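Fold and contact review
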Amino acid sequence: MASNDTVTPPRSSVSMEVPLKTSAPPPEYISGSSGARSYKKHGVVDMLLRVIVLATAVAGVIVMVTSKQTKRFPVAPGISVTRDAKFNYSPAYIYYVAALSVAALYSLLTLVTSVLALKKPTGSSAKLKFHFLILDSLLLGIVASATGASAGVGYIGLKGNSHSGYNKICNRFDSYCLHTGASILLSLIASITLLLLVWLSGYTLSKKIARR
């Protein structure tokens, strides 16, 4: 009699184990150390530029304030008059000294802030860079306007303006004009450096935003 029991053929065991895929770390963790080093470099450049602004602003104020010259001019045989040339005789030069004094104080404060931020592992924060960008742009406008106004007055002193009736004075007060010219040149360097700071802050801020 045939048996009703059916013999089940052996089946090959199928492993249900799925190999675990090792997920690669996010890009920010891969490039975290290189990004930190890049921010450190930007922080060092920022600090050096602020030192240049501080030095040129202080030197420009000192040179402008000391630009004083006194000369005697003969008006008749045996009679002469004394004439002075000072920076405070011109409102443009007074504005120049005030603007560069503000620039020097601002550069000192932001330099200290930049040095403290450089000690952090990630460098300056995006919020600090945003504040630097706004304040640097504001100061750039102030210093550039003071430089332009002073340069205009200096050019009239050097060349004069026959249409407006302004006589040149640099042929008489040569030392005074040399001081004011050197001071305006220092202010121009400070303006260019502030422009570089604005570019650097904008570039660093865009990098920080892109990594978020």
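How each quantity is defined
- Residues numbered from 1 in each chain as written.
- Predicted model: local features only at pLDDT ≥ 70, side-chain atom pairs only at ≥ 80, totals over all residues.
- Heavy atoms only, no water.
- Helix = DSSP H or I, 4+ residues; strand = E, 2+ residues; numbered from the N terminus.
- Buried < 20%, exposed > 50% of the residue type's maximum accessible area, 1.4 Å probe, protein only.
- Contact = heavy atoms within 4.5 Å.
- Areas by Shrake-Rupley, 256 points an atom, 1.4 Å probe, with all protein chains shown as cover.
- 1 Å grid on protein atoms, 1.4 Å probe; cavity = no way out; pocket = protein on both sides within 12 Å on 5 of 7 lines; lining within 4 Å.
- Points joined across faces, edges and corners; volume = space filled by probe spheres on them.
- Nonpolar A, V, L, I, M, F, W, Y, C, P; charged D, E, K, R; others polar.
- UniProt positions renumbered as here; feature names shortened; annotations may be inferred.
- Disulfide = S-S within 2.5 Å.
- Phe/Tyr/Trp six-rings, centres within 6.5 Å; stacked < 30°, edge-to-face > 60°.
- Lys NZ or Arg CZ within 6 Å of the ring centre and 35° of its normal.

Right, let's talk about the overall build of the protein chain for a bit. Check the secondary structure of the protein chain and you find 5 helices and 2 strands. In the protein chain, which comprises 212 residues, the proportion classed as buried is 33%. Sequence-distant contacts, at least 24 apart, represent 76% of the contacts inside the protein chain between residues at least 6 apart. Summed over all atoms, the accessible surface of the protein chain reaches about 13,800 Å², with 67% contributed by carbon and sulfur.

The next point concerns the layout of surface pockets. What the largest pocket holds in volume is close to 350 Å³. Forming the walls of the largest pocket are 20 residues, and the residues nearest its centre are Tyr93, Val153, Gly157, Ile169 and Tyr176. Taken together, the elements giving at least two residues each to the lining of the largest pocket come down to strand S2 (79-85), helix H3 (91-118), helix H4 (126-159) and helix H5 (174-210). If one sorts the elements of the lining of the largest pocket by residue count, H4 sits on top with 6 residues. For the lining of the largest pocket, the per-class residue count stands at 13 nonpolar, 5 polar and 2 charged.

In this numbering, the UniProt entry assigns the feature "transmembrane region" (unreviewed entry) to residues 47-65, 93-118, 130-158 and 178-202. The annotated region residues 47-65 carries 100% helix and 0% strand content, and the separation between its end C-alpha atoms amounts to 27 Å. Annotated as 100% helix and 0% strand, the span residues 130-158 places its first and last C-alpha atoms 41 Å apart.

Moving on, we come to the state of the cysteines. With the rule as written, the count across this model stands at 1 disulfide. Here Cys170 engages in a disulfide with Cys177; their sulfurs sit 2.0 Å apart. What sets the handedness of the Cys170 and Cys177 disulfide is the S-S torsion sign, and at about -90 degrees it is left-handed. Taken individually, Cys170 and Cys177 each receive the classification buried, so the pair is uniform in this respect.

Let's shift gears to the packing of aromatic side chains. With the rule as written, the count across this model stands at 0 aromatic pairs. Across the ring face of Phe132, the terminal group of Arg50 is positioned such that the distance to the ring centre comes to 4.2 Å.

A separate point is the environment of His131. Along the polypeptide, His131 turns up in helix H4. By relative accessible area, which is 38% here, His131 ends up partly exposed. Residues His131 and Ser201, spaced 70 residues apart in sequence, show a C-alpha to C-alpha distance of 9.2 Å.

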